[in-house]
Amino acid sequence: MKTFQKEMTLKPYKRGFHIITETIIREFSELKHIKVGMLQVFIKHTSASLTINENADPSVRVDFESHMNEMVPENQPYFIHTYEGADDMPAHIKSSIMGASVQIPITNGRLNLGTWQGIYLCEHRDYGGSRQLVVTAFGA
């Protein structure tokens, strides 16, 4: 069994849902050494998240952002944790809803995603800054 792990820093993204699949593939060339295995991508933050979804039509990502903002609105009177602004507590809730990691099968050195699937960085803060990922590949 082979195991590879790397920490990578993503550039700052504006609030919203962004496809980062190619960034991960480009910066994690060790994938090519795994014939059959798994890739885990973990985000080291509590106000951004990861998910897998449509990679073709950008309106899907716009709709994700719109829906999450309806589901978890800012400026709720019951929020106590607002030290960093109106998007502070909603970002934490959205991050927990979406999740901190994704797993993708590796087949013949490539991510075995569906035709229309991509890895999303879900940036829930207006000014989240750069984000840290831990990317781990394991397999034979």
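Before reading on, note that the structure itself is shown above.
Here is what the cut-offs are and how they apply
Residues numbered from 1 in each chain as written. Predicted model: local features only at pLDDT ≥ 70, side-chain atom pairs only at ≥ 80, totals over all residues. Heavy atoms only, no water. Phe/Tyr/Trp six-rings, centres within 6.5 Å; stacked < 30°, edge-to-face > 60°. Helix = DSSP H or I, 4+ residues; strand = E, 2+ residues; numbered from the N terminus. Buried < 20%, exposed > 50% of the residue type's maximum accessible area, 1.4 Å probe, protein only. Pairing = 2+ DSSP bridges. Arc of directions from axis to C-beta. Contact = heavy atoms within 4.5 Å. Axes fitted to C-alpha atoms, helices over the stretch in contact; angles between N-to-C directions.

Student: Can you walk me through the packing of aromatic side chains in this structure?
Tutor: Each pair of aromatic rings is reported with the distance of its centres and the angle of its planes. Applying the stated rule across the entire model yields 4 aromatic pairs. Aromatic side chains phenylalanine 17 and tyrosine 120 sit 6.3 Å apart centroid to centroid with 70° between the ring planes, which places their arrangement in the edge-to-face category. Of this pair, phenylalanine 17 sits in strand E2 (residues 16-19) while tyrosine 120 sits in strand E7 (residues 117-123); the two residues are 103 residues apart in sequence, bridging distant segments of the chain. Accessibility expressed as a relative area gives 4% for phenylalanine 17, which makes it buried. Classification of tyrosine 120 as buried rests on a relative accessible area of 0%.

Student: Looking at this structure, how should I read the sheet that holds strand E5 (residues 101-107)?
Tutor: Across a sheet, strands are paired by hydrogen bonds formed along the backbone, either parallel or antiparallel in direction. The 5 strands are arranged E1-E8-E3-E5-E6 in an open sheet whose pairing can be described as antiparallel. Edge strands, defined here as strands with exactly one partner in the open sheet, are strand E1 (2-10) and strand E6 (110-111).

Student: How should helix H3 (residues 88-98) be read in this particular structure?
Tutor: Residues lying three or four places apart along an α-helix face the same way, a consequence of the helix completing one turn every 3.6 residues. Among all positions in H3, only Asp88, Pro90, Ala91, Lys94, Ser95 and Met98 are buried. Viewed along the axis of H3, the buried residues span an arc of 160°, placing them on a single side of the element. Residues of H3 that are buried sit in contact with E2, strand E4 (48-54), helix H2 (59-71) and E7. Just past H3, the residue glycine 99 takes up positive phi, approximately 110°.

Student: In this structure, what is going on with the sheet that holds E4? I would like to understand it.
Tutor: With antiparallel pairing, 3 strands are arranged side by side in an open sheet as E2-E7-E4. Each edge of the open sheet is held by one strand with a lone partner, namely E2 and E4. Put simply, the sheet's adjacent strands are angled 35° from each other on average, direction ignored. Both E4 and E7 contribute to a ladder of 7 bridges, which runs antiparallel. Within the sheet, the bridge partner assigned to threonine 51 lies in E7 and is tyrosine 120. In this fold H2 packs onto E2, E4 and E7, with an angle of close to 150° to the strand it touches most, E2. Strands E2, E4 and E7 of the sheet are contacted by H3, whose axis makes an angle of about 45° with E4.

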